[in-house]
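A closer look at the structure
Here is how the chains run, residue by residue.
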Amino acid sequence: MKINLVNSCDIKKYDGLIVPMDDSNLSVKDIELPVEYLLGAKKLKAEDGESCLFTLQAGGKYIETSLLVLGEKHIESYRKLLKLFGDAFRTLKNKKSKSIAFLIENGSISASETLVKAAIEAVIMADYVFDTLKTEKKETDEISVDVVVGNSDKYSSFKTEALVLAHANLYARELVNLPANLLYPESLAEKVTDLGKEKGFDTEVFGFEKIKELGMEAYLSVSSASAREPKFIIMRYNGDPDNKEILGYVGKGLTFDSGGLSIKSTKGMLGMKGDMGGAAAVIGAIGAVAEMKLRVNVVAVVAACENMISGSGYRPGDIIGSMGGKSIFIGNTDAEGRLTLLDAMYYIVNKEGVNRVLDIATLTGAALRCTGTEASVVIGNDDDFFNQANNSFEKCGERIWRMPVYDEYKELIKHEEADLTNLADDPGTITAGLLIGEFNNDIPWLHVDIAGTFWADKQKGILSKGGTGAAVRPLYYLAKQLSK
Ligand code: BES
Ligand code: ZN
Ligand code: ZN
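The structure displayed is predicted, hence computed values, not measured ones. (Residues numbered from 1 in each chain as written. Chains lettered and ligands numbered in written order. Predicted model: local features only at pLDDT ≥ 70, side-chain atom pairs only at ≥ 80, totals over all residues. Heavy atoms only, no water.)

Our focus in this paragraph is the sheet that holds strand 17 (residues 420-421). Pairing in this open sheet of three strands is mixed, and the strands run 12-13-17 from one edge to the other. The open sheet terminates on both sides in strands that have one partner only, identified here as strand 12 (319-320) and strand 17. Here strand 12 pairs with strand 13 (residues 328-329) via two bridges, running antiparallel. Counted as the bridge partner of Ile319 is Phe329 from strand 13. (Pairing = 2+ DSSP bridges. Helix = DSSP H or I, 4+ residues; strand = E, 2+ residues; numbered from the N terminus.)

Structure (structure tokens):
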């Protein structure tokens, strides 16, 4: 995909046009074309938030045209903009348009930072399909998009940021989409190391011996049935060396979750190559932070491993230790994510010195029951930190929904034979998060459960089938909010 910002354009050069307009009475004169050029228009009227598609004939060429109506409430909602723009782009792509003009500044509406960014992010994200492992690719020709903005100099830095964010999102989608025979702890660590070299952050990777030496018994218990070595991946970006503040990100990195002895069904297991969606989010985000050279310090960690089944695996009923010293009863080996995360949480707070921390994970099926695919579920201990995160998600067209943390819930993760249990009563999404929160040393903390949002069952708007890259762009903006 080639994207250029242009001041103005001659539409006859293109075979596709996307034209957002501000009212519901569309007429061809709005794009300054004589009526006789109009072919096959079914209707030239669209409701707010809708589009209409027709073909223009100009300069001996056919131009597939998608007119969109953007009322105020659509212009104000980044989520709606991305969806409308993504759908419009894909409609033209399906019509085989290869050279598209996206008329952001068109006499009906005026260019703005939001519209320019949304247009660029939407077309890049909507263009993605996971075909890396196909020997014959469906699409070979690259599509080029000219975004018409009136004053291209004014928007060039926004274009850069939009490109970085959209590609970071796609990087995370690709990690989620890669199957577990190809993406396992070691190969993930190699990819992260390469990404760090490319974008400008440092990577350190601990293998089994070092993880054991650190006492991460909960993490190692989860990994114990796997033939693959666990890899604890640390990413450090030091963009503001004079500042002691460090933002910490912890991502769940189960490259596969079979459930262990508490085995999942075949259907339940099928999506579990993506049980590293939290890791993908923090990796994508720190890559974008480094690439944009933000003046902020970020450390991200991923306790990568597989939850498999073998004679060396952990069992329901076991009582295990943890790096923080607390003992944990294993009620279910499929509640493994929280065990890897609580050791990672203890590590990042006590060894990396972060002073605020967000963990993110495909943690509980119950999160999907709470808010479906439309929002991620969040709990935390700090209103300001929550508000900052909420703004960051909204800014990207993503959503988080905060759940309560009552003292009564904290009782549910206690166990009579051990300090804590990995299987607590309902509300399961909250109690799962609280187990991780036990190790946050009371610094500002948020826990984001993306089990409902990390995956899309079908292509729609900016989403492709498979990984969604959920939270990558929001975690970038959260770091940006904390930067100087
Ligand atoms: N990785 C799963 C959660 C999950 C399910 C993510 C579906 C995405 C889609 C997690 O490790 C898990 O299995 N959780 C169990 C916990 C239960 C045993 C307490 C769950 O949610 O059923
Ligand atoms: Zn599980
Ligand atoms: Zn899992």
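All of the protein donors around the zinc ion (ligand 2) are Asp257 (OD), Asp334 (O), Asp334 (OD) and Glu336 (OE); their distances to the metal are 2.0 to 2.2 Å. Viewed at the metal, the six donor atoms of the zinc ion (ligand 2) are separated by angles of 71 to 166°, and the geometry they form is irregular. We note that the donor set of the zinc ion (ligand 2) lies within a single chain, spaced as D-x76-D-x1-E. Between the zinc ion (ligand 2) and the zinc ion (ligand 3), both coordinated by Asp257, there is a metal-metal distance of 3.2 Å. Here the residue Asp257 occupies a position in strand 10 (residues 247-257), and Asp334 occupies one in the loop between strand 13 and helix 10 (337-351), the gap between them amounting to 77 residues. Residue Asp334 is classed as partly exposed on the basis of its relative accessible area, which comes to 22%. (Donors = N, O, S within 2.8 Å, 3.2 Å for Na, K, Ca; no water. Tetrahedral: all angles 85-135°; square planar, octahedral: opposite > 155°, others 65-115°. Buried < 20%, exposed > 50% of the residue type's maximum accessible area, 1.4 Å probe, protein only.)

The zinc ion (ligand 3) binds to the protein through Lys252 (NZ), Asp257 (OD), Asp275 (OD) and Glu336 (OE), with metal-donor distances spanning 2.0 to 2.4 Å. What the six donor atoms of the zinc ion (ligand 3) show is an angle range of 77 to 172° at the metal, which sorts the shape as octahedral. Ordering the donors of the zinc ion (ligand 3) by residue number gives the pattern K-x4-D-x17-D-x60-E. Take Glu336: its relative accessible area is 1%, and that puts it in the buried class.

Around ligand 1, 16 residues are found, and the nearest of them are Asp257, Lys264, Asp334, Glu336 and Gly365. In the environment of ligand 1, an oxygen atom lies 2.7 Å from a nitrogen or oxygen atom belonging to the side chain of Lys264. Asp275 is positioned such that a nitrogen or oxygen atom in its side chain is 2.9 Å from a nitrogen atom of ligand 1. Out of a free accessible area of 520 Å², ligand 1 has 75% covered by protein chains. Split by residue class, the shell around ligand 1 holds five nonpolar, four polar and seven charged. (Near = heavy atom within 4 Å. Polar contact = N/O pair within 3.5 Å; in protein donor to acceptor, adjacent residues only side chain to side chain. Areas by Shrake-Rupley, 256 points an atom, 1.4 Å probe, with all protein chains shown as cover. Nonpolar A, V, L, I, M, F, W, Y, C, P; charged D, E, K, R; others polar.)

It is worth spelling out the packing of helix 5 (residues 185-199) against helix 9 (residues 277-291) at this point. Where helix 5 meets helix 9, the closest approach of the two axes is 9 Å, and the angle between their N-to-C directions is 15°. With respect to helix 9, the element helix 5 is oriented roughly parallel. Our pair here, helix 5 against helix 9, has a crossing hand that is right-handed. For the pair formed by helix 5 and helix 9, the contact residues are Leu188, Val192, Leu195 and Lys199 on the first element and Ile283, Gly287, Ala290 and Glu291 on the second. When its residues are assigned to classes, the contact of helix 5 with helix 9 shows five nonpolar, one polar and two charged. (Axes fitted to C-alpha atoms, helices over the stretch in contact; angles between N-to-C directions. Parallel < 35°, antiparallel > 145°, perpendicular 65-115°, else oblique. Left-handed = near helix turned anticlockwise from the far one by under 90°. Contact = heavy atoms within 4.5 Å.)

Treat this as a map of the structure, not an account of what it does.
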